[in-house]
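Residues per chain are reported as follows:
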Amino acid sequence: MVTFTVFYDAHVLYPAELRNCLMHLSLIGVFRAKWSADVHEEWISNLLRNRPDLTREKLERTRQLMDKSAPDALVTGYE
């Protein structure tokens with residue numbers, strides 16, 4: 001049973017290895033993951049700035065897979 005919630009900041013979603021580890025922990029029920037569209041935009045923008053070999057399209061696919069795998073994770077209305 002999941003007893004606590006973790007809000008993922010852009011700093012833990014980039015680099016990919018940490019993002020993958022945290023997503024795995026969330027998906028197996030260690031904790032509930034939360035993030036926002038602003039957090040997604042921040043990690044994607046930073047990654048594109050540092051890795052010109054990547055495309056926004058590829059990173060948006062990662063974003064979509066994250067949102068799909070944890071449908072209740074996207075926080076809205078906090079502004």
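Just above, that's the structure.
Predicted model only: the values in this text are computed from it and were never measured.

Asker: Just to check I follow, could you spell out helix α3 (residues 37-50) for this structure?
Answerer: For an α-helix, 3.6 residues make a turn, and residues three or four places apart therefore share a direction. An ideal rise of 1.5 Å per residue puts 20 Å on 14 residues; α3 measures up with 20 Å between its terminal C-alpha atoms. Buried within α3 we find V39, H40, W43, I44 and L47. All buried residues of α3 fall inside an arc of 125° around its axis, so they share one side. Taken together, the buried residues of α3 touch β1 (5-7), α1 (10-13), α2 (16-27), β2 (32-36), α4 (56-69) and β3 (74-75).

Asker: Explain a negative patch on the surface to me, please; I cannot follow it from the model alone.
Answerer: Among the surface-exposed residues, D9, D38, E42 and E79 lie close enough to one another that they form a single negatively charged patch. Mapping E42 onto the fold places it in helix α3. Given the relative accessible area of 34%, E42 is considered partly exposed.

Asker: It is not clear to me how the nonpolar core should be interpreted in this structure. Could you clarify?
Answerer: The tendency in soluble globular proteins is for nonpolar side chains to be buried as a group. One finds Y8, L13, W35, W43 and M66 to be the most contacted residues of the largest nonpolar core, which totals 16 residues. Contributions of two or more residues to this core are made by α1, α2, β2, α3 and α4. With 4 residues, α3 is the single largest residue contributor to this core. Filtering out sequence-adjacent residues up to four positions away, M66 remains in contact with L13, R19, M23, W35, H40 and W43.

Asker: Explain the pattern of salt bridges to me, please; I cannot follow it from the model alone.
Answerer: Between side chains of opposite charge, a pair can form when the charged atoms approach closely. Overall, the coordinates contain 4 salt bridges when judged by the stated rule. The partner of D53 in a salt bridge is R51, and the shortest N-O contact between them spans 2.6 Å. For R63, the salt bridge goes to E60, with nearest N and O atoms at 3.9 Å. Taken together, the positions of R63 and E60, both in helix α4 and 3 residues apart, correspond to about one turn of that helix. Three or more residues joined by partner-sharing salt bridges are found here, namely E41, R56, E60 and R63.

Asker: Honestly, a nonpolar patch on the surface in this entry has me stumped. Any pointers?
Answerer: A contiguous nonpolar surface patch, about 270 Å² in accessible area, is contributed by F4, I28 and V30. Note that I28 resides in the loop between α2 and β2.

Parameters at a glance
- Residues numbered from 1 in each chain as written.
- Predicted model: local features only at pLDDT ≥ 70, side-chain atom pairs only at ≥ 80, totals over all residues.
- Heavy atoms only, no water.
- Helix = DSSP H or I, 4+ residues; strand = E, 2+ residues; numbered from the N terminus.
- Expected span 1.5 Å × (residues − 1).
- Buried < 20%, exposed > 50% of the residue type's maximum accessible area, 1.4 Å probe, protein only.
- Arc of directions from axis to C-beta.
- Contact = heavy atoms within 4.5 Å.
- Patch = residues over 30% accessible without salt bridge, like charges linked within 9 Å, V, L, I, M, F, W, Y side chains within 5 Å.
- Areas by Shrake-Rupley, 256 points an atom, 1.4 Å probe, with all protein chains shown as cover.
- Salt bridge = Lys/Arg side-chain N within 4 Å of Asp/Glu carboxyl O.
- Lys, Arg positive; Asp, Glu negative; His and termini not counted.
- Charge placed at Lys NZ, Arg CZ, Asp CG, Glu CD.
- Core = buried A, V, L, I, M, F, W, Y, C linked by side-chain atoms within 4.5 Å.

By themselves, these figures tell us nothing about what the structure is for.
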